[in-house]
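Structural description and commentary
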Amino acid sequence: MPRLMRSTICKFSFALVVFFSNATHAQFQNLDQDVSNFVNDAVFYADKFIGPSLDGVIYQSSPLWMTTPKKQGFGTVTLALHGNVFFVPKSNRTFTLNQSDFSFFNLPNGQTSLEVPTGLGGDTDFSYTGQFGGLPISISAPEGVNQERVTYPYLQSGVELWGGLEVMGRFSPKVELKKGSYQMYGFGLKYNLSQHMNFLERNNIALAALLATSNEDLTFDFIESDVDQLGDVGISEIKGDVSNWQFQISGAKTWGNFEIMLSTITVLSDTNYYLQGEESDFSQLIPLAEILNAEIAKKDGRRFNSIHEVSGRYSFGDFSVQSGVLLGDFFNVNIGVQYQINIKK
């Protein structure tokens, strides 16, 4: 056990002994190990619970950054309203939990194995139990968003600058889910490559590269738990933060007012999460969330995703309608309505 974690746990154990000064020595002789086991179990469970959600939000932030790979002319402004639908795979809604995975908690009814929800899963009606030096603790199993589809809107805008360069930004308001919330924002740069390839432009083919960065924040209800006489342990929410760098190459073919675009997308992500909750006598004795978050921070949160996108766009006057599908580990559909003006006209 790391020295800092051991020191903190020892302080925690001493604080509990002082708080219950009339308890027997035998009741607390294994308290250090109980707290260490609790930390290990909670970190293990948190990682399994939120992991699929962190992967999912990477897909939710990636679609239709590029309206078109065409060079649109200096001063062209694009304003768009998008709706995104993320389909939650059944395989990511639950995970198998074995009693052997736990060193502190017990599965309900003496079971040795149990299928439990992730943050993308459904409801539960059971609890895990354990003891801190003889003090019973009961934890209701965390519940997921209980949605087969996660839908949210966002706004996007772009301004064409000089030489085929476009700067863009996107923002979604905070969306309340059944058991949590989600928000996203980001910025990107697109550069038209086909302006240097006359044979492509002669055949109404456009090619462009894009570099974008985005951040996604998500929150789930996590553990509601009480230690007898001490109250809540202070980890009732789990919050995730995902930072992405996205590189994209897109090619499009135009037939009149209709355009089909194919894209290959590479996303490098840094994913982090932490626990938080309300203060109680328990959390005042020991900041358990801080101990857990220190252990969680040691995990490598880097993720790499290779994604493909197919989209179609139809223009009429200054407006256009675009829809796109992301293909990879997840399935995501995006639809946008766009309005273009040229401020230099």
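Up top is the structure these notes are about.
For every chain, the first residue of its written sequence is number 1, and the numbers climb from 1 along that sequence. Where local features are concerned, this predicted model is filtered to residues with pLDDT of at least 70; where side-chain atom pairs are given and counted, the filter is 80 or more; whole-chain, interface and lining totals use all residues. Excluding hydrogens and water, the side-chain values take into account all heavy atoms of the structure.

Below, the discussion takes up empty space enclosed by the protein. The way it works is a 1 Å grid over only the protein atoms, where trapped points that fit a 1.4 Å probe form a cavity and open points with protein on both sides within 12 Å along at least five of seven lines form a pocket, and then any residue with an atom within 4 Å of a point lines it. Grid points are joined across faces, edges and corners, and a volume is the space filled by probe spheres set on the points. On inspection of all chains with the given rule, the structure shows 3 cavities of 30 Å³ or more. When its volume is computed, the largest cavity comes out at roughly 80 Å³. Going along the chain from the N terminus, every DSSP run of H or I of four or more residues is numbered as a helix, and every run of E of two or more is numbered as a strand. When residues of the lining of the largest cavity are traced back to their parent elements, those giving at least two are α3 (31-61) and β9 (205-221). Examining the composition of the lining of the largest cavity, we find that 4 residues originate from one element, α3, more than from any other. Classification used: nonpolar for Ala, Val, Leu, Ile, Met, Phe, Trp, Tyr, Cys and Pro, charged for Asp, Glu, Lys and Arg, polar for all others including Gly. Among the residues forming the lining of the largest cavity, the class breakdown is 8 nonpolar, 3 polar and no charged. Its volume calculated, the second largest cavity comes out at about 60 Å³.

One closed barrel holds the 10 strands; their spatial order is β1-β6-β7-β8-β9-β12-β13-β14-β15-β16, and the pairing between them is antiparallel. The mean angle between the axes of side-by-side strands here comes to 20°, regardless of whether they run parallel or antiparallel. Where β9 lies against strand β12 (residues 237-255), 17 bridges are found, and the strand directions are antiparallel. Bridge pairing links N215 to S243 in β12. For two strands to be treated as a pair, DSSP must find at least two bridges joining them. Axis definition: a line fitted to C-alpha atoms, over the contacting stretch in the case of helices. Angles run 0 to 180 degrees between N-to-C directions.

What makes a salt bridge here is a side-chain nitrogen of Lys or Arg within 4 Å of a carboxyl oxygen of Asp or Glu, nothing more. Taken as a whole, this structure holds 4 salt bridges when the rule is applied. The closest approach of N and O atoms between D55 and R303, which form a salt bridge, is 2.5 Å. In this pair, D55 is assigned in helix α3 and R303 in strand β14 (residues 302-316), connecting sequence segments 248 residues apart. Here E295 and K298 are joined by a salt bridge, their closest N and O atoms 3.0 Å apart.

Further remarks concern the packing of aromatic side chains. Classification of ring pairs uses Phe, Tyr and Trp, with its six-membered ring standing for Trp, and accepts pairs whose centres are within 6.5 Å; under 30 degrees between planes counts as stacked, over 60 as edge-to-face, and the remaining range as tilted. Counting across every chain of the model gives 22 aromatic pairs. Here a set of aromatic residues connected by ring pairs shows up, and it is made of F38, Y45, F49, F95, F102, F104, F105, F126, Y128, F220 and F222.

Time to look at the environment of E148. With respect to the element layout, E148 can be found in the loop between β5 (135-140) and β6 (149-160). Each C-alpha atom, one on E148 and one on F87, is 6.2 Å from the other, the two residues being 61 residues apart in sequence. Any two residues whose heavy atoms approach within 4.5 Å are treated as being in contact. For E148, the residues in contact, after removing those within four places along its chain, are F86, F87, V88 and R93.

What follows covers helix α6 (residues 288-296). Taken across its 9 residues, α6 has 7 buried, putting it largely inside the fold. Relative accessibility under 20% of the residue-type maximum defines a buried residue, over 50% an exposed one, and the middle range a partly exposed one, all with a 1.4 Å probe and only protein chains included. Of the positions making up α6, those classed as buried are L288, A289, I291, L292, N293, E295 and I296.

For the rest of this paragraph, the subject is unusual backbone geometry. Notably, N146 is not glycine yet its phi reads approximately 55°, a positive angle. Among the residues examined, N146 registers a relative accessible area of 34% and is labelled partly exposed. Positive phi is not limited to glycine here, since N204 has a value of about 55°. Examined against the element boundaries, N204 turns out to sit in the loop between α4 (198-202) and β9.

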